[in-house]
Amino acid sequence: MNPLLLTDGYKVDHRRQYPPNTTLVYSNWTPRKSRIEGVDEVVFFGLQYFLKKYVLEDFRNHFFSKPKEEVVSQYVRRINNYLGEHSVGKDHIEALHELGYIPMVFKALPEGAAVPVRVPMFTMYNTLPEFFWLTNYFETLLSTTVWLPCNSATIAREYRKVLNRYALETSSTMEFVDWQGHDFSMRGIGGLEGAMISGAGHLLSFTGTDTIPSIDFLECYYQADSDKELVGGSVAATEHSVMSMGTNHGEFNTFKRLITEVYPKGIVSIVSDTWDLWKVLTEYLPGLKNEVLARDGKLVIRPDSGDPVKIICGDPEGKTPEERAGVIQLLWDVFGGITNSKGYKELDSHIGAIYGDSINLERAIRICERLKELGFASTNVVLGIGSFTYQYNTRDTFGFAMKATYGEVNGTSREIYKDPVTDDGTKKSARGLIKIEMVNGVFRLKDQVTWEEERGGELKEVFRDGKLLLDQTLSDIRMRIKTQLEPSVAVV
């Protein structure tokens, strides 16, 4: 598709609506509020993908490299069908094609940075006066591309903070936290691109994922190399169709065949609630105890239904002793383990658990807290983080918006802003040119600055006139995420 058509319909004729002799439009991208309690910083991630994929690749392949007549006629046909003939014109499209590149500057904070709410993450403006219309023309495509990876990277960081904290208090295996949050979200995210960029945001804080395309995404757009670094990984795992095909009466034999014949070593995760989870835990596993302990690897039991807190940690009001005990206690009763130097029990290394249904931050905290109360290390269970976490958010979760704050008309500067009297303050924008300063380790906004001041500060040019100036790596971004956490738990 012609990338100039990847926009909201109302954008296409704003060029003629700006005041005559407008020559520059300067805008910024800002998370304006948080709808998640206790989260007042948002992780910046995804602009580099947007620049590489759309501003460079798509414009090169689907616009600049094609004959001018072809791309212009395609644009004119669509807009004339849409708004009526000769409503918008084509001269500006022809001029951009003849130029051969996108004449804009993007200045940004480092990707992976934690940015306080109401502080811009990046700015953008045109470098040639006749293309002033391009700046905010990009708003729709930029917004639909960038808010989701920022959201997911931020939420993944919150999970990491929770799991780090409880592992520090209760576990002897801090390094396990890299795997303790596992991305199960791909099937529930709205579209393949969304799944890739959301899953990539998850991988900034964790290494466990079932979203394979996110690994290729990070190799393609963030210089990752899975031959040289652990980008993302998983383990062999069953699903309900596998267990069902083995039949209810044959479930014990299915377990035995899987751990002794199909996977005699290594980690294998077996979904265990196709019929009766408690029967698996109290009959099948005791019957397979010798086989489990003889393996060179770990068997991971996966419940997949019910209240995850009660299933993992036990339900004090449960009807049966098994329900009251919960998965971790029942596994301990069969396989035992060790009590670590912090005084908490860790299951034998041959057995573990994962729960991946309807996990959210509040439930993750409750699971960790309940395990701690019961004397178990938090790292006895892996949490599968799915679309219940990553899809149930929108651009408004952190109030993302791109707004123009400065322009030039007839060679004169104009500081522009919005401040609706009917709003609660969320939509009040900055004014004029922007500088981001670092004050006591925190990004702070300073607006209404001069061009000389704007050229300083923490915003750095990452793109100018068709060229990417900074190519950030996954490893750098991951380290940036880790160093934001408490020093005692940052490096594992």
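Quick caveat: nothing in here was measured; it's all calculated off a predicted structure. (Residues numbered from 1 in each chain as written. Predicted model: local features only at pLDDT ≥ 70, side-chain atom pairs only at ≥ 80, totals over all residues. Heavy atoms only, no water.)

Turning our eyes to something else, we now look at the pattern of salt bridges. Enumeration according to the criterion identifies 19 salt bridges in this entry. Among the ionic pairs, Lys53 bridges to Asp58, the shortest N-O distance being 3.0 Å. Judged by its relative accessible area of 9%, Asp58 falls in the buried class. Asp178 is the salt-bridge partner of Arg160, the closest N and O atoms lying 2.8 Å from each other. Here Asp178 lies in helix H7 (residues 177-180) and Arg160 lies in helix H6 (residues 139-170), a separation of 18 residues in the sequence. Judged by relative accessible area, Asp178 falls into the buried class, the value being 17%. Residues participating in the shared-partner salt-bridge network are Glu41, Arg157, Glu158 and Lys161. (Salt bridge = Lys/Arg side-chain N within 4 Å of Asp/Glu carboxyl O. Buried < 20%, exposed > 50% of the residue type's maximum accessible area, 1.4 Å probe, protein only. Helix = DSSP H or I, 4+ residues; strand = E, 2+ residues; numbered from the N terminus.)

Right, let's talk about the sheet that holds strand E3 (residues 104-108) for a bit. Adjacent strands of a sheet pair through backbone hydrogen bonds, lying either parallel or antiparallel. Spatially, seven strands are ordered E16-E15-E1-E5-E3-E19-E20 in an open sheet, and the strand pairing comes out antiparallel. Bordering the open sheet on either side are strand E16 (412-415) and strand E20 (467-468), each of which pairs with just one other strand. Both strand E15 (residues 400-409) and E16 contribute to a ladder of four bridges, which runs antiparallel. Within E16, the residue paired with Val409 across the bridge is Thr412. In this fold helix H2 (residues 47-64) packs onto E3, strand E5 (122-126), strand E19 (460-464) and E20, with an angle of close to 15° to the strand it touches most, E19. (Pairing = 2+ DSSP bridges. Contact = heavy atoms within 4.5 Å. Axes fitted to C-alpha atoms, helices over the stretch in contact; angles between N-to-C directions.)

What follows covers helix H9 (residues 212-221). Listed as buried for H9 are Pro213, Ser214, Ile215, Phe217, Leu218 and Tyr221. Buried residues along H9 sit against H2, helix H8 (192-202), strand E7 (208-209) and helix H20 (474-484). At the C-terminal side of H9, Gln223 shows a positive phi close to 55°.

Right, let's talk about the environment of Glu452 for a bit. In this structure, Glu452 sits in helix H19 (residues 451-454). Judged by its relative accessible area of 65%, Glu452 falls in the exposed class. Note: C-alpha distance between Glu452 and Lys33 (419 residues apart in sequence) is 29 Å.

Quick look at the packing of aromatic side chains now. Taken as a whole, this structure holds 30 aromatic pairs when the rule is applied. For the pair Phe45 and Tyr222, a centre-to-centre distance of 5.0 Å together with 40° between the ring planes defines the contact as tilted. One end of the pair, Phe45, is in the loop between strand E2 (41-43) and H2; the other, Tyr222, is in the loop between H9 and strand E8 (236-237), with 177 residues separating them in the sequence. On the basis of relative accessible area, Phe45 is assigned to the buried category, the value being 1%. Under the relative-accessibility criterion, Tyr222 is labelled buried at 0%. The ring of Trp332 is capped by Lys345, whose NZ or CZ atom sits 5.3 Å from the centre of that ring. (Phe/Tyr/Trp six-rings, centres within 6.5 Å; stacked < 30°, edge-to-face > 60°. Lys NZ or Arg CZ within 6 Å of the ring centre and 35° of its normal.)

In the numbering adopted here, UniProt assigns the feature "domain: Nicotinate/nicotinamide phosphoribosyltransferase" (unreviewed entry) to residues 181-445. This span, residues 181-445, is 35% helix and 21% strand, and a straight line between its end C-alpha atoms measures 33 Å. (UniProt positions renumbered as here; feature names shortened; annotations may be inferred.)

What follows is about unusual backbone geometry. For Asn410, which is not glycine, the phi dihedral falls at a positive 55°. Counting through the fold element by element, Asn410 comes out in the loop between E15 and E16. The phi dihedral of Gln448 is positive, around 55°, even though this residue is not glycine. Overall, the relative accessible area of 44% leaves Gln448 in the partly exposed class.

Looking now at the UniProt feature "domain: Nicotinamide phosphoribosyltransferase N-terminal" (unreviewed entry) in the chain. Mapped onto this numbering, the UniProt entry gives "domain: Nicotinamide phosphoribosyltransferase N-terminal" (unreviewed entry) at residues 4-55. Helix and strand shares over residues 4-55 are 25% and 25% respectively, and the end C-alpha atoms of the span are 10 Å apart.

Each full turn of the α-helix corresponds to 3.6 residues, which orients residues three or four apart in the same direction. Regarding helix H4 (residues 91-99), the residues found buried are His92, Ile93, Leu96 and His97. Here the buried residues of H4 occupy an arc of 140° about the axis, which is enough to place them on one side. Projecting away from the buried face of H4 at angles above 90 degrees are the exposed residues Asp91 and Glu98. On its buried side, H4 packs onto helix H1 (14-17), H2, helix H3 (68-83) and helix H5 (134-137). (Arc of directions from axis to C-beta.)

Going residue by residue along strand E9 (residues 268-271), you find Val268 and Ile270 tucked away on one face and Ser269 and Val271 tucked away on the opposite face as well. Where E8 and E9 come together, two bridges link them in parallel fashion. If you follow Ala236 over to E9, its bridge partner there is Val268. Where E9 lies against strand E10 (residues 299-302), four bridges are found, and the strand directions are parallel. Note that in E10 the partner of Val271 across the bridge is Arg302.

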